[in-house]
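Topology and contacts: notes
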Amino acid sequence: MKVVCTNNEAQRRHAPESELSRAGVTPYPECPERYDAIRTALEETTFVDIIESAAGGVESLATVHEADYLDFLRTAHTAWLGSGGEGDLSACVFSDANGHPPADPAAATGYYGFDTTPITAGTWTAACAAANATLEATDLVRDGGEHAVYALSRPPGHHATGNRFGGYCFLNHAALCAANLATKGKVAIVDVDYHHGNGTQEIFYARGDVLFISLHADPEWEYPLYWGRADETGSGEGHGATLNIPLPRGVQNADYLRHLSAATQRLRAFAPTYLVVSVGFDTWKNDPLGTFQLSAEGIGAIGACLAELALPTVIIQEGGYDVPALGDLAVRFLAPFA
Ligand code: SP5
Ligand code: ZN
């Protein structure tokens, strides 16, 4: 199968030093070494053909993101330095989305962001490069006759909404991919990251032609806290086209796979033309952010269950933070699609 990697030089330029959470100030887990670990392991297999995509701009970002939000992401860090700021830019006062963004770029960070995720000098370059990789993978499936293509996208995307960043995400790659594919047929998105894909959900919430399914840790206690409950089922024409499956701490292979299998019944009934998978390896038992207990075999079984749908598929990398394990987990997840 083909694998499209984010331009390596560009992804390295997004490497925040630390993040602020309830744990205090800790090293930023969403690091360039995640990419290295997955890419190196895939290069050692015989079933992938690796392409590194170019950096540079992306033209279709406005299909899912608002223009003022894109302007903010593109200019915020430069403006922050220009106004005397130093290092990474992150918010600590947040908007309720009423009113208007403050003129000062650092102040506007809490308007365009919903958590403390930092923006660095290279964030825009890296996020655009990751979107490029995803859209190149999308083209290969839509027009290139490929059955399944994996985009090693970094930084990830599924928490980014149409106009807000957070959860280590800036541009929503799964949404860009699905919006593109939806011009040719119905799309199902399955999000198997440990965290709820709130951005993707929000972008398609009122659409009936894109089914969004997410299995994730229960937002009653886990990030992103304000999205992902089972009673969020879509609105208007999208009513019934969002399916959230919140799961308890400590979930093991058998329970997870039973829920996934039930979700795929719903997916089959929707009869999509395309499948988009947001995959996170933070469901793995030793992930430093997760609480689930899935084994490496369990991660492979998720891949097998989704590959069995036999749909033209774009697989997009989201989270997963135990760097030494990521290569093996990616190989196990992708092998059933090859
Ligand atoms: C794409 C993705 O998986 N985003 C996850 C974002 C979760 N952010 C909040 C987690 C804060 C945990 N702080 C780390 C402390 C390590 N001991
Ligand atoms: Zn995650």
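Report follows, based on the coordinates. Keep in mind that this is a model prediction, so the values were computed, not measured.

On to the overall build of the protein. If you tally the helices and strands in the protein, you get ten helices and ten strands. Taken along the three principal axes of its C-alpha coordinates, the protein extends 55 × 45 × 40 Å. Within the protein, the fraction of its 338 residues that count as buried is 58%. Pairs at least 24 residues apart make up 78% of the contacts formed inside the protein by residues separated by at least 6 positions. Carbon and sulfur atoms make up 51% of the accessible area of the protein, which totals about 12800 Å². Looking at charge distribution, the protein has the averaged site of its 20 positive side-chain charges lying 5 Å from that of its 41 negative ones.

Summarising the element assignment, Ser153 is placed in the loop between β5 (148-152) and α6 (173-181). A polar side-chain atom of Ser153 sits 2.8 Å from a polar atom in the side chain of Thr134. Those residues within four positions of Ser153 in sequence are excluded, and the remaining contacts are Thr6, Ala130, Thr134, His173, Ile316 and Gln317.

Around ligand 1, 14 residues are found, and the nearest of them are Glu19, Gly167, His195, Asp282 and Tyr321. Taking His195, its side chain carries an N or O atom lying 3.2 Å from an oxygen atom of ligand 1. Contact with the protein chains removes 78% of the 510 Å² of surface that ligand 1 exposes when unbound. With respect to the detected pockets, ligand 1 is housed in the largest pocket. A per-class count over the shell around ligand 1 returns four nonpolar, seven polar and three charged.

What follows is about helix α10 (residues 323-334). Here α10 contains twelve residues, and its C-alpha end-to-end distance of 17 Å stays within 8% of the 16 Å for a straight helix at 1.5 Å per residue. Inspection of α10 places Ala325, Leu326, Gly327, Leu329, Ala330, Val331, Phe333 and Leu334 among the buried residues, and these make up the whole buried set. Buried positions along α10 lie against α2 (32-43), β5, β9 (274-279), α9 (296-307) and β10 (313-317).

Right, let's get into the layout of surface pockets. Within this model, the largest pocket holds a volume of roughly 860 Å³. Around the largest pocket sit 34 residues that line it, and Glu19, Ser21, Arg22, Tyr168 and Tyr223 are the ones nearest its centre. Take the lining of the largest pocket: its biggest share by element is three residues, from strand β2 (residues 18-21). For the second largest pocket, the calculated volume is near 160 Å³. Classifying every residue of the lining of the second largest pocket gives eight nonpolar, four polar and no charged.

Most of β10 sits out of view: five of its five residues are buried. Burial along β10 is two-sided: the face carrying Thr313, Ile315 and Gln317 and the face carrying Val314 and Ile316 are both buried. Note that β9 and β10 share five bridges and pair parallel. Bridge pairing links Val277 to Ile315 in β10. Note on the crossover from β9 through α9 to β10: the handedness is right-handed.

Let us look at the pairing of strand β3 (residues 24-27). In this sheet, β3 lies alongside β2 in antiparallel orientation, the contact comprising four bridges. The residue bridging Glu19 from the neighbouring strand is Thr26, located in β3. The turn linking β2 back onto β3 is made up of two residues.

Time to look at the state of the cysteines. Under the defined criterion, the tally for this structure stands at zero disulfides. A disulfide-free cysteine, Cys5 has its sulfur positioned 16 Å from the sulfur of Cys31, the nearest such atom. According to the relative accessible area criterion, Cys5 is buried, its value standing at 0%.

It is worth spelling out the sheet that holds β5 at this point. Sheet architecture is open: eight strands sit in the order β4-β1-β5-β10-β9-β6-β7-β8, paired in parallel fashion. Strands at the two margins of the open sheet, each flanked by one partner only, are β4 (49-52) and β8 (242-247). Ignoring strand direction, the axes of neighbouring strands in this sheet form an average angle of 15 degrees. Summarising the sheet, strand β6 (residues 187-191) and β9 pair through five bridges and their orientation is parallel.

Rules of the game
Residues numbered from 1 in each chain as written. Chains lettered and ligands numbered in written order. Predicted model: local features only at pLDDT ≥ 70, side-chain atom pairs only at ≥ 80, totals over all residues. Heavy atoms only, no water. Helix = DSSP H or I, 4+ residues; strand = E, 2+ residues; numbered from the N terminus. Buried < 20%, exposed > 50% of the residue type's maximum accessible area, 1.4 Å probe, protein only. Contact = heavy atoms within 4.5 Å. Areas by Shrake-Rupley, 256 points an atom, 1.4 Å probe, with all protein chains shown as cover. Lys, Arg positive; Asp, Glu negative; His and termini not counted. Charge placed at Lys NZ, Arg CZ, Asp CG, Glu CD. Polar contact = N/O pair within 3.5 Å; in protein donor to acceptor, adjacent residues only side chain to side chain. Near = heavy atom within 4 Å. 1 Å grid on protein atoms, 1.4 Å probe; cavity = no way out; pocket = protein on both sides within 12 Å on 5 of 7 lines; lining within 4 Å. Sits in = over half its atoms within 2 Å of the grid points. Nonpolar A, V, L, I, M, F, W, Y, C, P; charged D, E, K, R; others polar. Expected span 1.5 Å × (residues − 1). Points joined across faces, edges and corners; volume = space filled by probe spheres on them. Pairing = 2+ DSSP bridges. Right-handed = clockwise from strand over helix to strand, strands pointing away. Disulfide = S-S within 2.5 Å. Axes fitted to C-alpha atoms, helices over the stretch in contact; angles between N-to-C directions.

Any link to function would need more than the numbers given here.
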